[in-house]
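Breakdown of the fold
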Amino acid sequence: MPAAAAPAAPGGPVRRSAIAKRAEQIGPAPHGSGPGPVEVRVTGFWRWQTVLVPPNAFVVHTRRGRGEPLHIGLGVSFRFNPATDSYLVVPGAMQTILINAYCICNELQGVLVQGYVQWIIEDFATAYRKLDFSDAEDPMRLVNIQLREQAEAAIKDKVSTMGVRDVLSDKQPIIEELTARLRAVAEGSADRNAEAGSDRGLGLRIVTVQIKEAVVSSSTLWENLQKPYRSEQNQIARLAELAAQEVLSARGTEANRVAEERRIENERELAELRARNEAAQFDRETAERLRRTTRERAQRVNHRHSAPVRTTEPSASEA
């Protein structure tokens with residue numbers, strides 16, 4: 001079974017670490033939110049037991065009287081004697097820490113920075129000596145609390161040197177600062193060619209650091225920050241609307257001009273057509289009158305020529 005914490009001295013006060021007090025302030029993790037204890041199988045009985053560890057869990061197996069562990073590694077199963085042995089099983093999966101850092105920028109304005117950190121155990125031989133995995137319900141809980149406290153402190157330190165607009169528009173400096181600090185603590189020295197006695201960190205590896213969003217605490221300040229952009233967009237929209245109205249007005253004027261020109265042209269063509277028709281009608285009437293006049297004149301001439309000649313005979317008196 002997992003190793004238990006050392007009992008307190010009889011009659012003395014129970015001494016708790018600062019991180020344990022912080023864990024009590026935060027409260028227990030919600031049911032189902034953490035990875036929970038690792039399910040191991042113990043077979044056999046009394047002194048002839050065997051501990052079967054899942055392949056994705058780290059385990060360290062120690063024995064009374066020995067300075068070094070008998071077994072240590074990922075998914076290592078072993079024989080276990082409850083009278084002299086102890087072991088600790090820790091999940092080997094990647095862990096995710098959610099961060100909500102309430103910060104004050106250099107303009108003395110409150111900003112809530114939300115992000116997450118993902119980490120994994122890289123050197124369990126170092127991690128189990130330097131970190132506290134003794135929580136039976138969630139072995140990673142205290143480690144996550146420690147890393148969360150360090151991450152929030154790093155974010156607050158960085159945001160305190162930035163302006164509100166810088167925090168909202170460019171989160172890369174915060175990510176770089178947070179990554180550098182966490183890796184310095186979790187992974188130790190970055191120089192791989194360092195001497196053997198150099199700090200090896202906590203045996204952890206920071207997988208990724210991301211800032212999801214930054215929210216201004218004051219709603220009035222947030223609205224004031226948005227006003228210049230909104231005013232600019234309203235101005236652009238108004239200018240676009242005026243330009244569209246100008247284009248429509250110009251097109252309407254052009255269409256009216258074309259319609260008026262077409263109407264004038266149609267009236268001119270109709271006037272010309274009426275004039276031609278009237279001229280043709282006048283020509284026909286004039287020709288008809290001329291024909292009738294000519295015909296009547298010819299009839300009178302013919303009638304005059306066809307009339308009998310009267311001869312006068314002398315009367316008796318004259319004879």
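Preceding block: the structure.
Here goes a summary of the coordinates provided. Remember, it's a predicted structure, so these values are computed and weren't measured experimentally.

This next bit is on the overall build of the protein chain. Of regular secondary structure, the protein chain possesses six helices and nine strands. Scored against the burial criterion, the 319 residues of the protein chain give a buried share of 26%. Sequence-distant contacts in the protein chain: of pairs separated by 6 or more residues, those separated by 24 or more amount to 64%. Accessible surface, the protein chain: about 22,300 Å² in total, of which carbon and sulfur atoms supply 52%.

Backbone geometry at Trp46 places phi at a positive 45°, although glycine is not the residue there. As for its position among the elements, Trp46 is in the loop between strand S1 (41–45) and strand S2 (48–52). Assessed through its relative accessible area of 58%, Trp46 is described here as exposed. At Leu108, a residue that is not glycine, the phi angle is positive and equals roughly 60°.

Residues Glu107, Asp166, Asp170 and Glu176 make up a contiguous surface patch of negative charge. As for its position among the elements, Asp170 is in the loop between helix H4 (164–169) and helix H5 (172–186). By relative accessible area, Asp170 is classed as partly exposed at 39%.

Our focus in this paragraph is the nonpolar core. Nonpolar side chains in soluble globular proteins tend to be buried together. Of all hydrophobic cores here, the largest spans 42 residues; its most connected members are Val113, Trp119, Ile121, Phe133, Ile155, Leu178 and Leu204. If sequence neighbours within four positions are ignored, Leu204 has contacts with Trp119, Ile120, Ile121, Glu122, Ala127, Leu131, Val143, Leu147, Ala186 and Glu187. In this structure, Val51, Val59, Phe78 and Val89 belong to the second largest nonpolar core, which totals eight residues.

Let us look at the sheet that holds strand S3 (residues 57–63). Strand order in this open sheet of three strands is S4-S3-S6, and the pairing throughout is antiparallel. In this open sheet, the two strands that pair with only one neighbour each are strand S4 (71–74) and strand S6 (85–91). Direction aside, neighbouring strands of the sheet carry axes that sit 5° apart on average. Here S3 pairs with S6 via seven bridges, running antiparallel. For Phe58, the partnering residue across the bridge sits in S6 and is Val90.

Below, the discussion takes up the sheet that holds S1. Sheet architecture is open: three strands sit in the order S1-S2-S5, paired in antiparallel fashion. In the strand order of this sheet, the two ends are held by S1 and strand S5 (78–80), each with one partner. Recorded for the sheet is a direction-independent mean angle of 30° between the axes of neighbouring strands. Sheet topology places S2 next to S5; three bridges connect them, and they run antiparallel. Within the sheet, the bridge partner assigned to Val51 lies in S5 and is Phe78.

What counts as what
- Residues numbered from 1 in each chain as written.
- Predicted model: local features only at pLDDT ≥ 70, side-chain atom pairs only at ≥ 80, totals over all residues.
- Heavy atoms only, no water.
- Helix = DSSP H or I, 4+ residues; strand = E, 2+ residues; numbered from the N terminus.
- Buried < 20%, exposed > 50% of the residue type's maximum accessible area, 1.4 Å probe, protein only.
- Contact = heavy atoms within 4.5 Å.
- Areas by Shrake-Rupley, 256 points an atom, 1.4 Å probe, with all protein chains shown as cover.
- Patch = residues over 30% accessible without salt bridge, like charges linked within 9 Å, V, L, I, M, F, W, Y side chains within 5 Å.
- Salt bridge = Lys/Arg side-chain N within 4 Å of Asp/Glu carboxyl O.
- Lys, Arg positive; Asp, Glu negative; His and termini not counted.
- Charge placed at Lys NZ, Arg CZ, Asp CG, Glu CD.
- Core = buried A, V, L, I, M, F, W, Y, C linked by side-chain atoms within 4.5 Å.
- Pairing = 2+ DSSP bridges.
- Axes fitted to C-alpha atoms, helices over the stretch in contact; angles between N-to-C directions.

In short, the description is geometric, and any link to function would need to be established separately.
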